[in-house]
Amino acid sequence: MIGFIVAGLIIGALARLIKPGKQNLGLLATLLLGLAGSVIGGVVASLLGTGDIFELNFLGFIVAVIASVLLVGTAEAVAGRRNSMRR
């Protein structure tokens, strides 16, 4: 479980580094988006037959980072829309 959390933080941090621009996301949001990305990556890798969902493999890691980048972009868009509605 601790390894899953650490992997989520690493994947979330990588996603934020890859995504251009400044993201207004805290550590908890980064962790949650990284965890969601790692679950997506694990599921895709499992469906492709390259490993188990809880196994760290190359394909799962790459898909997890890509999914996390997309999730960070989505979270950023939702937060931006919510802030523009308040004004």
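Treat the numbers as computed from the prediction; the structure is a model and nothing was measured. (Residues numbered from 1 in each chain as written. Predicted model: local features only at pLDDT ≥ 70, side-chain atom pairs only at ≥ 80, totals over all residues. Heavy atoms only, no water.)

K.L.:
Honestly, the overall build of the protein chain in this entry has me stumped. Any pointers?
P.N.:
When helices and strands are tallied, the protein chain shows three helices and zero strands. Counting from the amino terminus, the protein chain carries its helices and strands in the arrangement α-α-α. When burial is assessed residue by residue, the protein chain has 30% of its 87 residues classed as buried. Restricting to contacts in the protein chain with at least 6 residues of sequence separation, those with at least 24 account for 59%. (Helix = DSSP H or I, 4+ residues; strand = E, 2+ residues; numbered from the N terminus. Buried < 20%, exposed > 50% of the residue type's maximum accessible area, 1.4 Å probe, protein only. Contact = heavy atoms within 4.5 Å.)

K.L.:
Just to check I follow, could you spell out the pattern of salt bridges for this structure?
P.N.:
For side chains of opposite charge, pairing can occur when their charged atoms come near one another. On inspection of all chains with the given rule, the structure shows one salt bridge. In this structure, the salt-bridge partner of Lys19 is Glu76, at a minimum N-O distance of 3.2 Å. Of this pair, Lys19 sits in the loop between α1 (2-18) and α2 (27-47) while Glu76 is found in helix α3 (residues 58-86), placing the two residues 57 residues apart along the sequence. A residue is classified by how much of its surface remains accessible, and Glu76, at 24% relative accessible area, is partly exposed. (Salt bridge = Lys/Arg side-chain N within 4 Å of Asp/Glu carboxyl O.)

K.L.:
Is there a simple way to think about the environment of Glu55 in this case?
P.N.:
Here Glu55 lies in the loop between α2 and α3. In this structure the C-alpha to C-alpha distance between Glu55 and Gly42, which are 13 residues apart in sequence, comes to 7.3 Å.

K.L.:
Please explain the nonpolar core as it appears in this structure.
P.N.:
One broad rule of soluble globular proteins: the nonpolar side chains tend to lie buried together. Ile11, Ala15, Leu25, Leu33, Ala64, Val65, Val69 and Val72 form the largest nonpolar core, which has eight residues in total. For this core, the elements supplying multiple residues, two or more each, are α1 and α3. Here the element with the most residues in this core is α3; it accounts for four residues. Residues within four places of Ala64 in sequence aside, it is in contact with Ile11, Gly37, Ser38 and Gly41. (Core = buried A, V, L, I, M, F, W, Y, C linked by side-chain atoms within 4.5 Å.)

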